[in-house]
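# Structural overview for review
The residues making up each chain are set out below.
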Amino acid sequence: MSEETGKEEEEAKRQQEMEKMMRDGMNDALKRLTKRGRMELACLMDASKGSISGLDSMIANLRAMRHRCGNQIESDQKEIVEIDKNIARLSASQKKCATRKRENEKERDLMQHSLKHAVGTVIESVHDVKRSIMKTNSNIARLTRTQVPKGLPDYTQTWSHRAKLKDTT
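Description of the structure in this document. (Residues numbered from 1 in each chain as written. Predicted model: local features only at pLDDT ≥ 70, side-chain atom pairs only at ≥ 80, totals over all residues. Heavy atoms only, no water.)

## Quick look at the overall build of the protein chain
- Counting secondary structure elements, the protein chain contains 2 helices and 0 strands.
- Looking at the protein chain as a whole, 2% of its 169 residues qualify as buried. (Helix = DSSP H or I, 4+ residues; strand = E, 2+ residues; numbered from the N terminus. Buried < 20%, exposed > 50% of the residue type's maximum accessible area, 1.4 Å probe, protein only.)

## Comments concerning a negative patch on the surface
- Taken together, the side chains of Glu4, Glu8, Glu9 and Glu11 make up a negatively charged region of the molecular surface.
- Counting through the fold element by element, Glu8 comes out in helix 1 (residues 2–144). (Patch = residues over 30% accessible without salt bridge, like charges linked within 9 Å, V, L, I, M, F, W, Y side chains within 5 Å. Areas by Shrake-Rupley, 256 points an atom, 1.4 Å probe, with all protein chains shown as cover. Salt bridge = Lys/Arg side-chain N within 4 Å of Asp/Glu carboxyl O. Lys, Arg positive; Asp, Glu negative; His and termini not counted. Charge placed at Lys NZ, Arg CZ, Asp CG, Glu CD.)

## Some words on the pattern of salt bridges
- Inspection of every chain in the model, using the stated rule, returns 5 salt bridges.
- A salt bridge links Glu105 to Lys101; the shortest N-O distance between them is 3.7 Å. Separated by 4 residues within a single helix, Glu105 and Lys101 lie in helix 1, roughly one turn from each other.
- With a relative accessible area of 30%, Glu105 lands in the partly exposed category.
- The residue Asp109 makes a salt bridge to Arg108 at a minimum N-O spacing of 3.0 Å.
- Assessed through its relative accessible area of 42%, Arg108 is described here as partly exposed.

This is the structure:
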């Protein structure tokens, strides 16, 4: 049995050596992997630092833009309030002007009607006077046995028509 125990011991030694080699090899491999992993990790950390700083600057820009937009919205709302006040003021002024315009149109229509009536009365009076003169002239001519004078010019004609009459005479 000593031979068997010697073989078993030898086998156990070989096994231990193999395990030791494996452990040493694994440790070396692990060390190599860890070294490479650390380098990759360092690269990843640098990349992530750059990404984080880019995100930080983007967030800062977005906050500044939000602040500017908020200020612009506030100023636009104030301007809208001012514009609404101006619209109300101008609307009231426009209503006053429209009311005054309607009153003036009514007054104008009344004056035009009065003018037409007055012109009609004047024309009628001129015709009455003209008839009266013609009648008087006829009576005078009959009594004195002279020629009847021509009638007076018609003052009711338009100015342009009267100007033409002057040009022909």
